[in-house]
Amino acid sequence: MSEAARAFRWVERTAAPPSHLALLEKAVALHPGRGDALERYGVALTERQRHGEAIAPLEAALAVREGEFTAWRPLAAAYAATGRPQEALDAAIRGGITELRGIALLALGRVDEGRAILRADVLSGGPPSALTALMRALVREPDPAPVLEILDSLPPPLARTATARGYRAIALSRAGRHAEARRLVDLERHVLQIPFAPPAPFGDGFNGALAADILAMSSSADAARDGTDIRYDPPSRKSRALGALYAFVRSGMERWVGEMAARGLGAVMPPPPPSAQLYSANTILTGDGRNGEHIHGIGYVSAVYHVRVPAGDGGDLVLGCCARTTGGYAPCWGTRHITPREGCLTLFPSHVFHDVVPTGLATPRISVACDMIPLWDRS
């Protein structure tokens, strides 16, 4: 194990427990006219990606306490996530939220305005969401120069994100700098697969127990769409199996970090962070369900553990795919299809685009996705 891996420290997440949301919901039911309770409830829903459900309580809170309302960012984000860009723009302007203003302008077709706002926000140290939105807007253009110019000018916190590396790889490929692009995305060398030997109390029944726990965890109406049901930041305290899996994932990530130099990533990744948190999401796919091609923009290394894989030809994890993001351009590294195997953990850099091939089946395909979220400023 490398010195970096030995020095690495995991920090537990301090997210509000699931009961917190239930308590807020009860408070709203008991006092439907209390704007502060409505606002807190709406914010809590957006934190769990339940944007469609969050709009009503946030709007109600605004109506009764407009002068004291502070949740402009959650409200604008909820509008943007549910396809209401004009409302998102209005909320972003009222709340002074620059990146959501730019995102809303892009959605409204006011492309030049949106790009200019996002560019200024990014170069002045705006949030990672601003960089993601700007890169998505620019990377579809054939000329990679604007993308590279912005990425070369980023302040350090944004320059070391997976978002910056992922879009740099695409731009380098478009520019014909294929060797540099392949140093960032090598779908053979950069991928690690590890089988999980469950702790003795579980034995051969581990994946069955984990699948049952995941299926029992209710998800939001927002998440359950078109055969795709995602539960972000699930309550692991309710599942011994999930807790055991997280311990395995952490050890796998530590191994991957320790092997970075040997895998050719030492020169293209920022040094390992001194500490990090583990973030996870349970994913249940049926029929035509898929995640859609994406990267984990604030992660360092990402992992997918396959819990339940229905028999059939679909369900592959596809690494390297980004043609929908680029407007049809296929970068030089190609794609790699990984056939899912129950009980196997697949790790790869968070800047690698990926998606899932739909199974077309009613039987759930169940997986757990995890990210190492770096905490750069902690010792």
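This text goes with the structure placed above it.
Residues numbered from 1 in each chain as written. Predicted model: local features only at pLDDT ≥ 70, side-chain atom pairs only at ≥ 80, totals over all residues. Heavy atoms only, no water.

**Observations concerning the nonpolar core**
Consideration 1: The biggest cluster of nonpolar side chains holds 38 residues, and the ones touching the most others in it are Phe206, Leu210, Leu245, Met253, Trp256, Leu347 and Met372.
Consideration 2: Breaking this core down by element, the ones donating at least two residues are strand E2 (192-195), helix H14 (206-216), helix H15 (240-258), strand E4 (275-285), strand E5 (301-308), strand E8 (344-349) and strand E10 (365-375).
Consideration 3: Setting aside residues up to four positions removed in sequence, Leu347 forms contacts with His190, Val191, Leu192, Ile194, Gly252, Met253, Trp256, Val301, Ser302 and Ala303.
Consideration 4: One finds Leu148, Ala164, Trp333 and Ile338 within the second-largest nonpolar core, a separate group that totals 37 residues. (Core = buried A, V, L, I, M, F, W, Y, C linked by side-chain atoms within 4.5 Å. Buried < 20%, exposed > 50% of the residue type's maximum accessible area, 1.4 Å probe, protein only. Helix = DSSP H or I, 4+ residues; strand = E, 2+ residues; numbered from the N terminus. Contact = heavy atoms within 4.5 Å.)

**Overview of the pattern of salt bridges**
Consideration 1: Going through the model one piece at a time under the given rule, you end up with 18 salt bridges.
Consideration 2: Of the charged contacts in the structure, one is a salt bridge between Asp36 and Arg34, with a shortest N-O distance of 2.8 Å.
Consideration 3: Overall, the relative accessible area of 39% leaves Arg34 in the partly exposed class. (Salt bridge = Lys/Arg side-chain N within 4 Å of Asp/Glu carboxyl O.)

**Some points on the pairing of E10**
Consideration 1: The buried count for E10 comes to 11 of 11 residues, which makes it a mostly enclosed element.
Consideration 2: Residues Arg365, Ser367, Ala369, Asp371, Ile373 and Leu375 line one face of E10 and the alternating positions Ile366, Val368, Cys370, Met372 and Pro374 line the opposite face, and both faces are buried.
Consideration 3: Two strands pair when backbone bridges link them, and E4 and E10 are joined in this way by 11 bridges, in the antiparallel orientation. Paired with Ala276 across the two strands is Pro374, which belongs to E10.
Consideration 4: In terms of strand pairing, E5 meets E10 through 6 bridges, oriented antiparallel. (Pairing = 2+ DSSP bridges.)

**Re the packing of helix H7 (residues 98-107) against helix H8 (residues 111-123)**
Consideration 1: As a packed pair, H7 and H8 sit with axes 7 Å apart at the nearest point and diverge in direction by 155°. One way to sum up the angle between H7 and H8 is to call them roughly antiparallel. The two elements H7 and H8 cross, and the hand of that crossing is left-handed. Residues Thr98, Glu99, Arg101, Gly102, Ile103, Leu105 and Leu106 of H7 form the contact with H8, whose own contacting residues are Val111, Glu113, Gly114, Arg115, Ile117, Leu118 and Asp121.
Consideration 2: Here the contact of H7 with H8 is built from residues that sort into 6 nonpolar, 3 polar and 5 charged. (Axes fitted to C-alpha atoms, helices over the stretch in contact; angles between N-to-C directions. Parallel < 35°, antiparallel > 145°, perpendicular 65-115°, else oblique. Left-handed = near helix turned anticlockwise from the far one by under 90°. Nonpolar A, V, L, I, M, F, W, Y, C, P; charged D, E, K, R; others polar.)

**Here we look at the packing of aromatic side chains**
Consideration 1: Evaluation of the coordinates by the stated rule reveals 8 aromatic pairs.
Consideration 2: Ring geometry for Phe69 and Trp72: centres 4.9 Å apart, planes at 80°, overall edge-to-face.
Consideration 3: With a relative accessible area of 5%, Phe69 lands in the buried category.
Consideration 4: For Trp72, a relative accessible area of 11% gives the class buried.
Consideration 5: Grouping aromatic residues by their ring pairs yields a cluster made of Phe196, Phe202, Phe206, Phe248 and Tyr305.
Consideration 6: Cation over ring: Arg250 sits above Trp10, and NZ or CZ is 5.7 Å from the ring centre. (Phe/Tyr/Trp six-rings, centres within 6.5 Å; stacked < 30°, edge-to-face > 60°. Lys NZ or Arg CZ within 6 Å of the ring centre and 35° of its normal.)

**Quick notes on the sheet that holds strand E7 (residues 336-338)**
Consideration 1: One open sheet accounts for 3 strands, arranged E7-E6-E9; its pairing is antiparallel. If you trace the sheet from one side to the other, it starts and ends with E7 and strand E9 (354-356), each paired once. Strand after strand, the sheet turns through a mean of 25° between neighbouring axes, direction not considered.
Consideration 2: As paired strands, strand E6 (residues 317-319) and E7 are joined by 3 bridges and run antiparallel to one another. Bridging from a neighbouring strand, Leu319 pairs with Arg336 of E7.

**Topic: helix H9 (residues 128-138)**
Consideration 1: Taking burial as the measure, the 11 residues of H9 include 8 buried ones, the bulk of the element.
Consideration 2: Every buried residue belonging to H9 is among Ala130, Leu131, Thr132, Ala133, Leu134, Met135, Ala137 and Leu138, and all of these are buried.
Consideration 3: Lining the buried residues of H9 we find H7, H8, helix H10 (145-151), helix H11 (156-159) and helix H12 (162-174).

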